[in-house]
Amino acid sequence: MRKVLALLLSVVMALSLMVTTAWADPVEQDLAGKTVILHTNDVHGEIARYAKVAALKAELVARGADVILVDAGDYSQGTIYVSVNKGADAVTMMNAAGYDLATIGNHEFDYGYEQLMLNMAKANFQVLCANVSKDGKSIFDANTIIEKGGMKIGFFGLETPEAQTKANPALIQGLTFLGAEDMYAAAQAQVDDLKARGADAVICLAHLGVDSSSEPNTSYDLLKNVPDIDFVIDGHSHSVMLAGAAKLQTGVDKDGNPTYIDNPHYELPIQSTGTKLAYVGVLIIDNKTKLPEGLEMLDLGQYEYEDAKVTAAAKAIMEPIDAEYSAVFAKSEVELNGDKEPGNRTQETNLGNLITDAMMWAIKTKAPGVDMTNAVAITNGGGIRAWIHAGDISKADVTTVLPFGNTLAVVHVKGSELLEALEASTFCTPISLGGFPQTAGMKLTVDCTKPYDKADDTYPGSTYYGPKSIQRVTIETVGGEPFDANATYTIATNDFMAAGGDTYYAFAAASVNYDLGLSMDEVVMDYITDELKGTVTEEAYGQPAGRITVDQGLAFTDVAA
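For clarity, every value in this text was computed on a predicted model and none was experimentally measured.

A. Quick look at the overall build of the protein. Per the secondary structure count, the protein includes 17 helices and 31 strands. Each of the three principal axes of the protein carries a C-alpha extent, and together these read 75 × 50 × 40 Å. The contacts in the protein between residues at least 6 apart in sequence include a share of 78% that link residues at least 24 apart. Of the roughly 21,100 Å² that the protein leaves accessible, carbon and sulfur atoms contribute 50%. Of the charged side chains in the protein, 39 are positive and 75 negative, and the gap between their average positions amounts to 4 Å.

Here it is in structure tokens:
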């Protein structure tokens with residue numbers, strides 16, 4: 001199958017990402033004798049669009065196809081519609097849409113291991129994951145075979161090992177995540193097992209992505225080390241990737257236009273559909289020859305059909321939440337930048353300034369016993385998930401920006417430990433990283449012209465390497481005073497980072513570490529209401545405040561400015 005697929009990829013390279021007329025009107029059984037695999041990834045709570053996915057599946061069945069609907073993870077977080085009930089309603093909607101298989105993404109762990117298992121106990125689809133275990137036993141089935149029309153298709157799932165630091169470490173204790181060589185070995189074991197059981201093709205549902213910051217745990221790394229995998233359905237990096245295409249869509253710019261990078265591995269059989277159900281991926285296999293014969297990327301924005309029952313199920317979830325969260329409580333005179341890159345994972349932003357200012361304010365006003373002599377606030381850019389646009393601000397807007405339910409925490413660290421945390425969290429800057437710090441109370445510089453001097457081993461239970469020496473980060477001042485590596489600093493942060501999430505192991509090892517129990521979204525709303533008197537002004541937040549200088553001594557300008 002892999003050889004034929006390689007030939008197919010050489011043809012597919014010329015295809016564009018569009019709805020072809022072949023999908024428009026199901027009038028004939030032109031797909032009889034075919035197995036069609038529909039795949040999604042990184043839905044991130046866009047539950048209304050599941051009605052289109054269900055309609056597409058029904059259409060293909062009506063045209064005679066055997067259809068398998070699968071997902072490559074990160075469906076449990078991203079909008080208030082799934083975060084309010086800690087991911088449970090994502091499973092409800094996937095059941096309604098008729099999913100057959102799914103793997104888990106790092107955000108499936110956002111509400112903790114116990115909540116994940118409660119959610120998945122209600123799934124009507126099979127959950128696959130071969131590289132996460134507890135007490136030596138896989139937490140889900142590692143693989144399965146689905147037989148359609150005499151064709152046996154083997155599937156197995158892989159979770160990014162980054163989940164162990166992208167989820168709150170305190171909520172996933174006791175779990176083992178295999179990465180790099182151990183992950184390749186686990187994948188090879190699944191391939192061998194599936195082929196020994198008669199699988200005609202082996203497909204991996206991989207929540208790994210293709211970002212360079214994820215190496216050596218990308219889907220590229222996987223296929224280069226386990227070449228017997230026939231096809232990878234990928235997630236995590238939000239890439240729009242049609243197998244065989246020479247370009248990858250990485251997102252959109254501030255005007256909504258797609259942004260692309262060259263795909264150096266276009267010959268590899270990997271497909272990924274971006275995020276929020278912008279696209280659905282399609283793989284067509286002939287049941288008789290057991291060979292692939294078609295690859296497509298279907299633009300759901302151009303697909304007009306919806307399943308009425310699934311639409312009703314989404315409305316039943318969305319309408320009461322909209323009623324509760326839609327009330328306007330404040331206004332913004334400016335666009336507050338919620339982008340990943342360029343944005344909260346690459347540079348200082350005005351939204352990062354607003355959030356960290358709110359954290360500092362909350363420590364002063366709601367926790368009067370905290371020593372604020374050497375105080376700073378730090379939150380991870382990866383925890384900022386959306387824009388706040390100019391105009392009315394609702395509770396839904398703030399909750400969508402900060403959907404994880406994190407709470408405000410305090411850690412006390414030496415200046416040298418603070419430097420270590422900042423050096424680790426900017427190790428690949430200007431390349432996007434979830435751990436990139438948004439800050440208040442200090443001024444710092446990240447010199448991207450200098451290499452990151454990584455330690456010989458990763459942090460415990462992490463895929464990230466701490467710094468062997470401080471090369472890139474300089475802290476100029478804290479609270480207007482010169483930085484002292486030997487002084488003790490009070491850090492206002494979130495409970496995820498306080499537990500060592502992302503690149504912040506130094507915080508988990510802090511001498512003082514406690515959770516104030518104040519919800520981050522409520523802290524921001526209270527700050528806007530009480531301190532800013534209900535208006536985020538152009539004067540205060542029209543541009544970043546010059547707290548972080550990146551690269552050649554130039555402070556980045558907010559893309560919304």
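There's plenty left to go through after this.
B. Local environment of the sheet that holds strand E1 (residues 34–40). Ordered in space as E4-E3-E2-E1-E16-E17, the 6 strands form an open sheet in which the pairing is mixed. For this open sheet the edge positions go to strand E4 (126–127) and strand E17 (291–299), each flanked by a neighbour on one side alone. Relative to E4, strand E3 (residues 101–102) runs parallel, the two being bridged by 2 bridges. Of the residues in E4, the one forming a bridge with Ala102 is Val127.

C. Highlighting the pattern of salt bridges. One pass over the structure, following the stated rule, counts 15 salt bridges. Across the salt bridge formed by Arg63 and Asp30, the nearest N and O atoms sit 2.7 Å from each other. Placement of the pair is Arg63 in the loop between helix H2 (50–62) and strand E2 (66–71) and Asp30 in the loop between helix H1 (2–12) and E1, with a sequence separation of 33 residues. By relative accessible area, Arg63 is classed as buried at 4%.

D. Region of the structure containing the side chain of Asn95. If you trace the backbone, Asn95 turns up in helix H4 (residues 88–97). From its side chain, Asn95 meets the backbone oxygen of Lys122 in a polar contact 2.9 Å long. A polar atom in the side chain of Asn95 sits 2.7 Å from the backbone nitrogen of Asn124. In contact with Asn95, not counting residues within four places along its chain, are Lys122, Ala123, Asn124 and Phe125.

E. Representation of the packing of aromatic side chains within the structure. Under the definition given, this model contains 9 aromatic pairs. The ring of Tyr325 has Lys395 sitting right over it, with the charged end atom 4.6 Å from the ring centre. Above the face of the Tyr465 ring, Lys454 is positioned so that its terminal group lies 4.2 Å from the ring centre.

F. Structural detail: the environment of Gly441. By the element assignment, Gly441 lies in the loop between strand E22 (437–440) and strand E23 (442–446). Separated by 353 residues in the primary sequence, Gly441 and Ala88 have C-alpha atoms spaced 38 Å apart.

G. Helix H7 (residues 180–196), seen in detail. Compared with the 24 Å implied by 1.5 Å per residue over 17 residues, the 24 Å span of H7 between its first and last C-alpha is a close match. Along H7, the residues classified as buried are Met183, Tyr184, Ala186, Ala187, Gln190, Val191 and Leu194. All buried residues of H7 project into a common sector of 160° when viewed along the axis, lining one side. Pointing more than 90 degrees away from the buried face of H7 are the exposed residues Glu181 and Ala196. Turning to H7, the residues buried within the fold contact strand E7 (143–148), strand E8 (151–159), strand E10 (201–207) and helix H8 (219–225).

H. Inspection of the packing of H2 against H4 at higher detail. Where H2 meets H4, the axes come as close as 9 Å, and the angle between the chain directions of the two elements is 25°. Between H2 and H4, the angle falls in the class roughly parallel. Helix-helix and strand crossings are classified by hand; for H2 and H4 the assignment is right-handed. When H2 is examined against H4, the residues Tyr50, Ala54 and Lys57 are found in contact with a partner set consisting of Met93, Met94 and Ala97. Per-class residue counts for the contact of H2 with H4 are 5 nonpolar, no polar and 1 charged.

I. Representation of the environment of Leu171 in the model. Note on placement: Leu171 falls in the loop between helix H6 (163–166) and strand E9 (175–177). Along the primary structure Leu171 and Val328 are separated by 157 residues, whereas in three dimensions their C-alpha atoms are 33 Å apart. Excluding residues within four positions of it along the chain, Leu171 makes contact with Asp110, Tyr111, Gly112 and Tyr113.

J. Just the sheet that holds strand E20 (residues 391–394), in detail. Here we have 3 strands laid out as an open sheet, ordered E20-E18-E30, and mixed in their pairing. The open sheet is flanked by E20 and strand E30 (535–536), the only strands paired with a single partner.

K. Here's a closer look at the pairing of E22. Of the two faces of E22, both are covered, the one formed by Pro437 and Thr439 as well as the one formed by Gln438 and Ala440. Strand direction decides the pairing type here: strand E19 (residues 375–380) and E22, joined by 4 bridges, are antiparallel. From the neighbouring strand, Asn380 faces E22, where its bridge partner is Pro437.

L. A look at unusual backbone geometry. Cis geometry is found at the peptide bond from Glu341 to Pro342, where omega equals -15°. The topology assignment puts Pro342 in helix H10 (residues 340–344). In this structure, His44 takes a positive phi of about 50° despite not being glycine. As for its placement among the helices and strands, His44 is situated in the loop between E1 and H2.

M. The arrangement of helix H11 (residues 350–366) in detail. Across its 17 residues, H11 extends 24 Å between first and last C-alpha, which sits within 8% of the 24 Å expected from 1.5 Å per residue. Of all 17 residues making up H11, 14 are buried, and the element is well covered by its neighbours.

N. Region of interest: the state of the cysteines. Using the criterion set out here, one finds 0 disulfides in the structure. With no disulfide of its own, Cys204 lies closest to Cys129 among cysteine sulfurs, the gap being 9.7 Å. The cysteine Cys448 is free of any disulfide, with Cys428 supplying the nearest cysteine sulfur at 9.3 Å. Note on Cys448: relative accessible area 18%, which makes it buried.

O. Broad picture of the environment of Ala386. Among the structural elements, Ala386 can be located in the loop between E19 and E20. Classification of Ala386 as buried rests on a relative accessible area of 16%. In this structure, the C-alpha to C-alpha distance between Ala386 and His238, residues 148 residues apart in sequence, is 15 Å. Residues within four places of Ala386 in sequence aside, it is in contact with Gly338, Leu351, Thr400 and Val401.

What counts as what
- Residues numbered from 1 in each chain as written.
- Predicted model: local features only at pLDDT ≥ 70, side-chain atom pairs only at ≥ 80, totals over all residues.
- Heavy atoms only, no water.
- Helix = DSSP H or I, 4+ residues; strand = E, 2+ residues; numbered from the N terminus.
- Contact = heavy atoms within 4.5 Å.
- Areas by Shrake-Rupley, 256 points an atom, 1.4 Å probe, with all protein chains shown as cover.
- Lys, Arg positive; Asp, Glu negative; His and termini not counted.
- Charge placed at Lys NZ, Arg CZ, Asp CG, Glu CD.
- Pairing = 2+ DSSP bridges.
- Salt bridge = Lys/Arg side-chain N within 4 Å of Asp/Glu carboxyl O.
- Buried < 20%, exposed > 50% of the residue type's maximum accessible area, 1.4 Å probe, protein only.
- Polar contact = N/O pair within 3.5 Å; in protein donor to acceptor, adjacent residues only side chain to side chain.
- Phe/Tyr/Trp six-rings, centres within 6.5 Å; stacked < 30°, edge-to-face > 60°.
- Lys NZ or Arg CZ within 6 Å of the ring centre and 35° of its normal.
- Expected span 1.5 Å × (residues − 1).
- Arc of directions from axis to C-beta.
- Axes fitted to C-alpha atoms, helices over the stretch in contact; angles between N-to-C directions.
- Parallel < 35°, antiparallel > 145°, perpendicular 65-115°, else oblique.
- Left-handed = near helix turned anticlockwise from the far one by under 90°.
- Nonpolar A, V, L, I, M, F, W, Y, C, P; charged D, E, K, R; others polar.
- Disulfide = S-S within 2.5 Å.

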